[in-house]
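Fold and geometry: a report
Given next are the chains, with one letter for each unit.
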Amino acid sequence: MYVCVCHAVTEERVRQEISEGAKTPRQVAKGCKAGTDCGSCVRRIQALLGHEGARPCPTSRLAAKLGLPASAQAA
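Attention in this report is confined to the structure presented alongside it. Treat the numbers as computed from the prediction; the structure is a model and nothing was measured. (Residues numbered from 1 in each chain as written. Predicted model: local features only at pLDDT ≥ 70, side-chain atom pairs only at ≥ 80, totals over all residues. Heavy atoms only, no water.)

Observations concerning helix 2 (residues 25-32)
Of the positions making up helix 2, those classed as buried are Pro25, Val28, Ala29 and Cys32. For helix 2, the angular spread of buried residues about the axis comes to 100°, placing them on one side. Away from its buried face by more than 90 degrees, helix 2 exposes Arg26 and Lys30. Those residues of helix 2 hidden inside the fold are in contact with strand 2 (9-10), helix 1 (11-19) and helix 3 (42-51). Backbone geometry just downstream of helix 2 places Lys33 in the positive-phi region, at approximately 75°. (Buried < 20%, exposed > 50% of the residue type's maximum accessible area, 1.4 Å probe, protein only. Helix = DSSP H or I, 4+ residues; strand = E, 2+ residues; numbered from the N terminus. Arc of directions from axis to C-beta. Contact = heavy atoms within 4.5 Å.)

Pasting the structure below:
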């Protein structure tokens, strides 16, 4: 699934950046350019960061809206 259509960055690629130490959307962007063009994917990147435990998701409502499991909402 694409997270960033502008730069053709997949969810897998964003997760790879997170596993390599990215803890913020800017750090993810530095590694793969996701979120550096129109910015519409930044909320999804934030949610993935929260889901992976790198940074809390901005709100549990956002996590639920994006279809993340309940455990991610508590992260």
